[in-house]
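A look at the structure
Letter by letter, the chains look like this.
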Amino acid sequence: MGKDAKNRNRQTGQLKVLLVEDNQADVELIRQGMADTPGGGLEFVLADSLARANELIRQTRFDAILLDLFLPDCRGMDTYVNMQTACPTVPIVVMTGIDDRELAIQTIRRGAQDYLVKGRINGEVISRVMQYSIERSRLHTQLRMIQKMEAVSRMIGGIAHDFRNQLTVIKGYCEMILPTLRDDDSIRQALDEIHQAAERAGKLTSQMSMLSKTKTGVIETLDLAKAISDLESLLRQLVPRDIELQLSIPEGPVYVLIDPGLFQQAIANLVINAGDSMPNGGRLLIGCTSVQENHIQDVPKGLKLPAAAVSVSDTGVGMDSKLIADLFEPFFITQSTTRTAGIGLSVVSALVRQFWGDIKADSAPGKGTTITMYFPKVARPQPSAEPKPAAPASIKGSETILVVEDEEFVRTLMVQILTHCGYKVMQAGDGKEGLEILERLGGKIDLLLTDIVMPVMNGMELAMAAKKVIPKIPVIFISGYSASHIPNRMQLPSDAVMIDKPFVPRQLVMAVRHVIDGDSSRGA
């Protein structure tokens, strides 16, 4: 059955229910009861046996099932188990003439939405129970999806952390070896390519972290045109290969005030939904433009102009006006509950309005859909008047540094970099071991350089313990996690010096020199 036919009941506003009942008298009572119920909103399709029900399930998508447990070809709990196995994502309401409390408890525990006893129900009760069951099932589906997305977010954060560690080593050794090679050396050329690939991978990793960000509140002036352009390679991974992705963005900047990570999440969400609406392939266009006062008829009422408009257009199945009216409602979905399409559109809407904007959808059945986000434009940000910190007179030194890092290959690189610059370096694989070294050497350690997220004792706990042993010891934190993925219990003080992975050797030694010399504000 085609996708349009499967969604026809959505477009008529009715919920399609499979009624599995072999007693014709009961069928007529149900139909008559529904006919007498204004606004029942249920379209019943009859199956008089379990075999017929399974046949219909293979042909049509149903919103719910109203199931008699005692059928000619199956009886009792076995009926429910067979039906649930055949369509595990469709809500099932059991209806039977037997008032059996134990059977009712068994079916509810197994996953039935409700247990109705014939003779005690009417059309109004059936309509209410079926609609409530469908909504409960959808909410449970949404909750599972949210939990899955949270798990994926944590997984992406972990992958990005591990990848940053690898990139730190790749970039670090590249920059250590490159100065030793002649410009015409073929090995130098190969190392240059490796170094550039690591740079590109680092940008992609940062984008992954932004998309999985769980903390918000960083509002800045963002050039939407550049932000979308930077995301292109990542967005292409979010849609099937048979969908053509195109960008239409201006050459000049388009500035708005927004949280960059949340904006990226909104774009990714719209792209995923657009991709889901094109199961047989198609074209997806992401556009960005400025909207001036003379385009007032094109924008939502009350929007402050001039504005920036970001649109995501697809050539998918489209929607009618009724679906569009509900599109941004919480938990509204336009597809089967086994799909992810539609999930998060209410979140996107809330995000847009959080940043003083608005959102609208234009669509028609068979004509595709365009969703446009509008944000008030702001002026080009002024360049910072604060002068750039001067490089230290020398990056070399003779002080003693304690390096605490649980990833051995990263720790080895840092030790080599610092040793090469003349520093005496002690090293530890975790916070507990690092604290033992501090306690043993006392004031002989001039600087603590520690990773933040470590087993046994994290970097923040180590720094606090180190201050008790050496009250004025300077500390530099390093981490492969983005700030939004560092747990609250490891939050750093506002004046802490932090180096993000992947870093390069000069970045590390300059930070060390600045902090040792007392210019910690310039260390990062």
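Residues numbered from 1 in each chain as written. Predicted model: local features only at pLDDT ≥ 70, side-chain atom pairs only at ≥ 80, totals over all residues. Heavy atoms only, no water.

1. Description of the sheet that holds strand 17 (residues 447–451)
- The strand order across the open sheet built from five strands is 16-15-17-18-19, with neighbouring strands paired in parallel fashion. Looking at which strands have only one partner, the edges of the open sheet turn out to be strand 16 (424–428) and strand 19 (497–500). Averaged over all adjacent pairs, the angle separating strand axes in this sheet is 20 degrees, with direction ignored.
- Pairing geometry for strand 15 (residues 400–404) and strand 17, over four bridges, is parallel. Counted as the bridge partner of I401 is L447 from strand 17.
- Relative to strand 16, helix 13 (residues 408–420) is tilted by about 170 degrees, and along the sheet it contacts strand 15, strand 16, strand 17 and strand 18 (475–479).
- Contacting strand 15 and strand 16, helix 14 (residues 431–441) runs over the sheet at an angle of about 135 degrees to strand 16. (Pairing = 2+ DSSP bridges. Helix = DSSP H or I, 4+ residues; strand = E, 2+ residues; numbered from the N terminus. Axes fitted to C-alpha atoms, helices over the stretch in contact; angles between N-to-C directions. Contact = heavy atoms within 4.5 Å.)

2. Topic: the nonpolar core
- Counting 42 residues, the largest nonpolar core has L224, F263, L284, V310, I371, M373 and F375 as the members making the most contacts within it.
- Looking at this core element by element, the count peaks at seven residues for helix 10 (residues 260–276).
- Apart from residues lying up to four places away in sequence, M373 is in contact with F263, A266, I267, L270, A308, A309, V310, V348, V352, D358 and I359. (Core = buried A, V, L, I, M, F, W, Y, C linked by side-chain atoms within 4.5 Å. Buried < 20%, exposed > 50% of the residue type's maximum accessible area, 1.4 Å probe, protein only.)

3. Looking at the confidence of the model for the chain
- Mean pLDDT over the chain: 82, with 84% of residues reaching 70 or higher.
- Highest mean pLDDT in the chain belongs to strand 15 (96); lowest belongs to helix 1 (residues 3–6) (38).
- Between residues 520–524, whose pLDDT stays under 50, and residues either more than four places distant or in other chains, the model counts 12 contacts. (pLDDT = per-residue confidence, 0-100.)

4. Topic: the packing of helix 13 against helix 16 (residues 505–516)
- With their axes 10 Å apart at the nearest point, helix 13 and helix 16 run at an angle of 65 degrees to one another. In the packing of helix 13 onto helix 16, the handedness of the crossing is right-handed. Between helix 13, through M414, I417 and L418, and helix 16, the contact on the second element is made entirely by P505, L508, V509 and V512.
- For the contact of helix 13 with helix 16, a count of residues per class yields seven nonpolar, no polar and no charged. (Left-handed = near helix turned anticlockwise from the far one by under 90°. Nonpolar A, V, L, I, M, F, W, Y, C, P; charged D, E, K, R; others polar.)

5. Looking at the packing of helix 14 against helix 15 (residues 459–469)
- Contact pair helix 14 / helix 15: the axes reach a minimum separation of 10 Å and the direction vectors enclose 10 degrees. Judged by the angle between their axes, helix 14 and helix 15 are roughly parallel. Residues G431, G434, L435, L438 and E439 of helix 14 lie in contact with helix 15, whose contacting residues are L462, A465, A466 and V469.
- The class makeup of the residues in the contact of helix 14 with helix 15 is six nonpolar, two polar and one charged. (Parallel < 35°, antiparallel > 145°, perpendicular 65-115°, else oblique.)

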